[in-house]
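# Coordinate analysis (summary)
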Amino acid sequence: MREVVVTGMGLVTPFGVGRQAAWQGLREGRSVVSRLDTDWSEDCPVKIAARVPEGDAANAFDPEEAAPAKDRRKMDRFIQFALVAAKEAVRQAGLSDLSDAMKLRAGTAIASGIGGFPAIMEAERSRMQGKRVSPFLIPSFLANLAAGQVSIRYGLKGPLHTPVTACAAGAQAIGGAARLIAHGEADCMVAGGSEACIDWLSLSGFAAAKAICTKFTDVPEQASRPFDRDRAGFVMGEGAGIVVLESREQAEARGATILARLAGYGETADAYHMTAPSEDGDGGARAMQAALTQSGLSAADIGYLNAHSTSTGVGDKAELNGVQTVFGRARELAISSTKSMTGHLLGAAGAVEAVFSLLALRHGFLPPTANLDNPDEEFAHLDFVPRTGREKDLGAVMSNAFGFGGVNASLIFTKA
């Protein structure tokens, strides 16, 4: 199989737009969860979320950067996030000068767990008020339109994929894109995930399932607490993470800067329960082991794991049991959950956290687990990088993403 490398990275996160904004926030260990202030939040059981900043905020998202107003009518927020993150990744990779022949073998794989949920809800609200349905409604919310719009924007005529595998979707998009390149079906893929579904119904649905945090409303920055005994469910976030993947041959031939190597990918199914993983973390363990096997690395070679852990007791425990199956109980592996700062970006989480892991690899710095005051006693022996990040020379990193339906995905990146 051909070697797959990373040549570009782009981000839109609750820290703001761009890699630099996100990396600064991660280094500071700063939670960006805040109180909701919308026309529907008063009647919503969930009062907090991690939203992408807009307006006058630093590194704010500007919809004009995504597309002109007339085109944005056809694009829900998650599509706009994907376009802005892809712009940063494509610029870093230097893809603007691809020949027509190269574009035939360049594709997109951009995931979303839900797609344009707010667009659907807004259309229903308009219908209830007697307003007509927009002819642009369907293309504005279809999950594959993030990949489709990026493909159109850059003329990428190769494969177009959109995993919709809940919270593993973004990682599966990257892993699937790498397979296409490794097996010679494409030479370049713009891959990742995007999500923007902070809405009354989505939050209320997760609240009814007792999965999302409804506490810490007076101190929202403390609400996302992976590994902590006082956690109270996940906090919803939004954003997009995009990488440019290429075969090493093409990247070198066109003189691109190679940022890292995608060395291994594993995906499995729990075949256990529609929402809960098995307590022993067997599915996650098998995904991690599959990624290690493909990479040719041993568990001891991984210096950092960006865990999927979302702040739910069942999910955190299952993942950590799986980690111990693969890595043992030693403290040599540094583990953190950046969701403690950004909340859980659902279908975009695996892609955004893959970029976070790549930044950790390139900068030699471990992002911390914020709000970790009292680790679960059962796992207190593990190194969760509590509250404050630290320097560490890294040769290989792993990023996990698991989702409803029992889907598990693990990515391994190494230095170029």
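Here we come to the overall build of the protein chain. In terms of regular secondary structure, the protein chain is built from 15 helices and 15 strands. Taken against the 2.2 N^0.38 rule, which gives 22 Å for 416 residues, the C-alpha radius of gyration of the protein chain at 20 Å falls within 12% of a compact globule. Across its three principal axes, the protein chain shows a C-alpha extent of roughly 60 × 55 × 40 Å. Considering the protein chain as a whole, with its 416 residues, one finds that 61% of them fall into the buried category. Roughly 15,900 Å² of accessible area belongs to the protein chain as shown, and the carbon and sulfur atoms make up 51% of that amount.

Turning our attention to unusual backbone geometry. Even without glycine at this site, Ala-166 takes up a positive phi of about 55°. With respect to the helices, strands and loops of the structure, Ala-166 is situated in the loop between β6 (160–161) and α9 (169–182). One non-glycine residue, Val-385, adopts positive backbone phi at about 50°. The residue Val-385 is located in the loop between β12 (365–366) and β13 (390–391) in this model.

Counting buried residues along helix α8 (residues 145–154), seven of its ten residues qualify, which places the element largely inside the surrounding structure. Taken together, the buried positions of α8 are occupied by Leu-145, Ala-146, Ala-147, Gly-148, Gln-149, Val-150 and Ser-151. Along its buried surface, α8 packs onto α4 (77–93), β5 (106–111), α7 (137–141), β6 and β7 (188–195). Just downstream of α8, Gly-155 is the residue with a positive phi angle, here 65°.

On to the nonpolar core, then. Within the largest apolar cluster, 56 residues are counted, with the highest numbers of intra-cluster contacts made by Ile-174, Val-243, Leu-245 and Phe-413. Here this core takes ten residues from helix α15 (residues 349–363), the largest share from any one element. The contacts of Leu-245, once residues within four sequence positions are left out, are Val-4, Val-5, Val-6, Ile-174, Ala-177, Ala-178, Ile-181, Asp-187, Cys-188, Met-189 and Leu-262. Ranked by size, the runner-up nonpolar core spans 32 residues in total, among them Val-12, Ala-67, Ala-146 and Ala-240.

Now for the side chain of Thr-13. Topologically, Thr-13 is positioned in strand β1 (residues 4–13). By relative accessible area, Thr-13 is classed as buried at 0%. If we ignore the near neighbours within four places in the chain, the residues touching Thr-13 are Ala-22, Val-52, Pro-53, Glu-238, Val-352 and Phe-356.

α8 packs onto α4 with a crossing angle of 45° between their chain directions and a minimal axis gap of 9 Å. On the basis of the axis angle, α4 is oblique to α8. In this structure, α4 crosses over α8, and the sense of that crossing is right-handed. Here α4 contributes Phe-78, Ile-79, Ala-82, Leu-83, Ala-86, Lys-87 and Val-90 to the contact with α8, which in turn contributes Leu-145, Ala-146, Gln-149, Val-150, Arg-153 and Tyr-154.

This paragraph deals with the pairing of β1. Counted residue by residue, β1 has ten buried out of ten residues, so it is predominantly covered. As defined by bridge partners, β1 adjoins strand β8 (residues 239–247) across eight bridges and the pair is classed as antiparallel. From the neighbouring strand, Val-4 faces β8, where its bridge partner is Ser-247. The pairing of β1 with strand β9 (residues 260–269) spans two bridges and is antiparallel. By the bridge assignment, Val-5 is partnered in β9 with Arg-261.

Running from amino to carboxyl end, helix α1 (residues 19–28) crosses α15 at an angle of 75°, the nearest separation of the two axes being 11 Å. In terms of axis orientation, α1 runs roughly perpendicular to α15. Packed against α1, whose contacting residues are Arg-19, Ala-22, Trp-23 and Leu-26, the element α15 presents Phe-356, Leu-359, Ala-360 and His-363 at the interface. For the contact of α1 with α15, the per-class residue count stands at six nonpolar, one polar and one charged.

In the structure shown here, the tally under the stated rule is 29 salt bridges. A salt bridge links Glu-65 to Lys-87, with the shortest nitrogen-to-oxygen separation between them at 3.0 Å. Placement of the pair is Glu-65 in helix α2 (residues 63–66) and Lys-87 in helix α4, with a sequence separation of 22 residues. For Glu-65, a relative accessible area of 43% puts it in the partly exposed group.

Burial in helix α10 (residues 200–208) covers these residues: Ser-202, Leu-203, Ser-204, Phe-206 and Ala-207. Buried residues along α10 sit against α6 (117–128). For α10, the capping residue at the N-terminal end is Asp-199, with a side-chain oxygen 3.2 Å from the backbone nitrogen of Leu-201. At the exit of α10 stands Lys-210, carrying a positive phi of roughly 60°.

Moving on, we come to the packing of aromatic side chains. For the structure on display, the rule yields five aromatic pairs. When the centroid spacing of 5.9 Å and the interplanar angle of 85° are considered together, the rings of Trp-23 and Phe-365 count as edge-to-face. Here Trp-23 is found in helix α1, whereas its partner Phe-365 is found in strand β12, with 342 residues between them in sequence. For Phe-365, a relative accessible area of 5% gives the class buried. Taking 5.0 Å as the distance between ring centres and 85° as the angle between the ring planes, the aromatic pair formed by Phe-61 and Phe-81 counts as edge-to-face. Placement of Phe-61 in the loop between β4 (48–49) and α2 and of Phe-81 in helix α4 is noted, with a sequence separation of 20 residues between them. An identical accessibility class is assigned to Phe-61 and Phe-81; each is buried. Of note, Arg-27 hangs over the ring of Phe-365, and the distance from its end group to the ring centre comes to 4.0 Å.

So, how was this worked out
- Residues numbered from 1 in each chain as written.
- Predicted model: local features only at pLDDT ≥ 70, side-chain atom pairs only at ≥ 80, totals over all residues.
- Heavy atoms only, no water.
- Helix = DSSP H or I, 4+ residues; strand = E, 2+ residues; numbered from the N terminus.
- Rg over C-alpha atoms; globule rule 2.2 N^0.38 Å.
- Buried < 20%, exposed > 50% of the residue type's maximum accessible area, 1.4 Å probe, protein only.
- Areas by Shrake-Rupley, 256 points an atom, 1.4 Å probe, with all protein chains shown as cover.
- Contact = heavy atoms within 4.5 Å.
- Core = buried A, V, L, I, M, F, W, Y, C linked by side-chain atoms within 4.5 Å.
- Axes fitted to C-alpha atoms, helices over the stretch in contact; angles between N-to-C directions.
- Parallel < 35°, antiparallel > 145°, perpendicular 65-115°, else oblique.
- Left-handed = near helix turned anticlockwise from the far one by under 90°.
- Pairing = 2+ DSSP bridges.
- Nonpolar A, V, L, I, M, F, W, Y, C, P; charged D, E, K, R; others polar.
- Salt bridge = Lys/Arg side-chain N within 4 Å of Asp/Glu carboxyl O.
- Polar contact = N/O pair within 3.5 Å; in protein donor to acceptor, adjacent residues only side chain to side chain.
- Phe/Tyr/Trp six-rings, centres within 6.5 Å; stacked < 30°, edge-to-face > 60°.
- Lys NZ or Arg CZ within 6 Å of the ring centre and 35° of its normal.

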